[in-house]
Amino acid sequence: MVNIIKGGNTTVPAQPVRIAVCHRQQPGAPAVNAYLLLLDARGRVRGDADLVFRSQPQHPSGAARHLGPSEGGGQRADWLEVDLRRLEPSVERVVIAGSADGGTFGAMPGLYVQLTANDAAVVEYRVEDASTETAFVLGELYRRGELWKFRAVGQGYDSGPAGMAADFGIAAAFPDGPPRNAAAGAQSPIAPVGSAAPSAPDPRWPKPIMVSKVRGAVVPGTAAVPALSAAVPASAPGAVALPPVADAHLERSGRGNDILTVETPLPAGPVIIEVAVDGEGDFILYTLNKADREDELLFSTREPALRGRRLVIASGKRALRLKVMSGRAWTVRVLPVTAARPLIDRIETRGAEVLRYDGAPADLRVRYDGGGKRRGHFAVYTARPEPAHRFDHELHVSESGRVKTTFPLTEGPLLVLVETNGSWSAELGGLKEQPSPASAAVPAPAPVQAPAPAPQSVRATATDVLLERSGRGYDVLTVEAPYRCGPLIVEARAGDDGYFVMYTLDRVNEDEELLFNTTQPGFHGRALAVTPADRPLRLKIETDDEWTVRVLPLSAALPLAGRVRGAGPEVLHYTGPVADLAIRYLGEDGSGARGATGWFALWKASPDLADFDDRDLLVNETKVAEATVPLTEGPLLVLVEAEGPWTVEVRGIPQ
């Protein structure tokens, strides 16, 4: 384990990392409430969902969680978890922070933060200089290329959680009430599995974690699992029938709590867990780890009639064991992955499902009814047929409430995993023939799709628009019009809420070039995208808000002659002689005041740009700036990337 001091940093493994914010228990001392804040490249949250804490314990992406407090050995720990591999590309930093419940951090003895991976401590930072602060940033995880690093920050706020919230762009104030189940300043122990409890387990709480490396702190859920009832045969009264299937590894029916064991040796790899439940009450199903403790939560529902399937990765080293907690009639089956439902054209169903896709690259359009009055959650992952771990899944959709969106599927074989309790549909679209090497260079022309009604008009006009599309939420757009290798202009307008992110996609539909990443209300800007030589240009949109996107030829670039003003990203076209370009950037707030911050970058490129890296960076500032840079003889593209107002003026042209 690495011990670091304030300001120090060290590399951490890019995998699930568990974080304990700890201090000694002492009469009258305050307790710490820990938070995670997911920040973009500007150091701001993209929305209030990017705050993870005790009342909002899981990020919509599933990559960050609040695991809850624990006590033991004279220590108190508040636990967090971040899966660095599942964080969205737009998340650049994850801040580890907290507030003091009923006091200041200076009155909190022995405060430290410790990170563990694979049940082993990897780094620890002890806070030595806390005093009157009521909110505190302990550290941060941040990207450095392909690596993740941890930095000990140690920055406090006398202004409390509200002051910290303002610094990171959170609209809602931090909660600063007592911890859950708190009484007289002490945390009540979490009830072990099987103990009498006044209510059913809260399905929002994640699985218990078994970590023993943090100075004697007892982690929630480490109590022994009591013995449960014996296995119930498939013919037990009240059994819920499922359609017959060949080659099931296990099929068991019953009522009440049970532990199921797949006695058939399973190779390492995925299997399908299928359930059917009738009646009223809770139904909860976990996998068990090698210590027979709850591991992965597969189902947690009160739906009166549940039918669903989930994917589980068998270890191959021990028997697969499942724990059922329910007073209802149920049937559970363990099936080979070949039993997955084929995704051929269109599917309408309800509940969690595992689909198998064997086709060519295509788009998948999904709709979710929102789960009724309870505003359910809908998530879609994809994975190869033999994932080695459940975190090998790629997240495409994670939304609460109604969903209508499209995302790309790579070439099969592919597993498509849907996790929800409501009704949904999935339909293939945009299925394309795989081109032969001889025909890959220039695809056949296709008509431009008719534009949907735009929420707002887009300012520029062009008679030969290659694509115009309006929508809401996540989507993937394909420019099917005739094209050649080279640059095009992508113009985007977003609504007043949420964030807006756009990438180009590479040949395997992975994120390639970041075109836009903003939380600016009413965003409007233009960026340059380079069309590849062997396929259409594809654009991925990530947002919860309304948007309009147009793809235009270079002839629509704004002429650079004299003075030009703007307030966001822009593409300019210069055709004059050698000259100077005077630049003034007024900052994100547009005040032009000394010390105002923001971001401004200026590039130049040839109109025949064939690769995004063939640009020359002229200016790169994170504050108010004035500069003069030389322009070579045109024709020339001048690319502005900015957050806030700017002015450029051509000067020094010889008579």
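Residues numbered from 1 in each chain as written. Predicted model: local features only at pLDDT ≥ 70, side-chain atom pairs only at ≥ 80, totals over all residues. Heavy atoms only, no water.

It is worth spelling out the confidence of the model for the chain at this point. Averaged over the chain, the pLDDT score is 78; the fraction of residues at 70 or greater is 81%. The secondary-structure element of the chain with the lowest mean pLDDT is strand β14 (residues 186-187), recorded at 29, while strand β42 (residues 570-574) shows the highest, at 94. Counting contacts from residues 175-239, a segment whose pLDDT is below 50, to residues more than four positions away or on other chains yields 133 contacts. With pLDDT under 50 throughout, residues 432-462 is counted as low confidence; its partners more than four residues away or in other chains account for 53 contacts. (pLDDT = per-residue confidence, 0-100. Helix = DSSP H or I, 4+ residues; strand = E, 2+ residues; numbered from the N terminus. Contact = heavy atoms within 4.5 Å.)

A few words now on the sheet that holds strand β37 (residues 524-531). With respect to topology, four strands assemble into an open sheet ordered β32-β39-β34-β37, the strand pairing being antiparallel. Each of the sheet's edge strands pairs with one partner strand only, and the pair in question is β32 (467-472) and β37. Direction aside, neighbouring strands of the sheet carry axes that sit 20° apart on average. Relative to β37, strand β34 (residues 486-494) is paired through eight bridges, and the arrangement is antiparallel. Across the sheet, the residue bridging to R493 is H524, located in β37. (Pairing = 2+ DSSP bridges. Axes fitted to C-alpha atoms, helices over the stretch in contact; angles between N-to-C directions.)

This next bit is on unusual backbone geometry. The step from G412 to P413 runs through a cis peptide bond, and the omega angle for that step is 5°. Its location among the elements puts P413 in the loop between β29 (403-409) and β30 (414-420). A cis amide bond, omega 5°, links G634 with the succeeding residue P635. By secondary structure assignment, the location of P635 is in the loop between β46 (625-631) and β47 (636-642). Located in the positive-phi region is D292, a residue other than glycine, with phi close to 60°. Considering the arrangement of structural elements, one finds D292 in the loop between β18 (283-288) and β19 (294-301).

Next up on the list: a negative patch on the surface. On the surface, a cluster of negative charge is contributed by E512, D611, D613, D614 and D616. Mapped onto the elements of the fold, D611 is located in the loop between β44 (597-605) and β45 (616-623). (Patch = residues over 30% accessible without salt bridge, like charges linked within 9 Å, V, L, I, M, F, W, Y side chains within 5 Å. Areas by Shrake-Rupley, 256 points an atom, 1.4 Å probe, with all protein chains shown as cover. Salt bridge = Lys/Arg side-chain N within 4 Å of Asp/Glu carboxyl O. Lys, Arg positive; Asp, Glu negative; His and termini not counted. Charge placed at Lys NZ, Arg CZ, Asp CG, Glu CD.)

Moving on: the environment of A610. Relative to the helices and strands, A610 resides in the loop between β44 and β45. Once the C-alpha coordinates of A610 and V530 are considered, the two residues, 80 residues apart in sequence, prove to be 6.5 Å apart. What A610 contacts, discounting residues up to four positions off in sequence, is C485 and V530.

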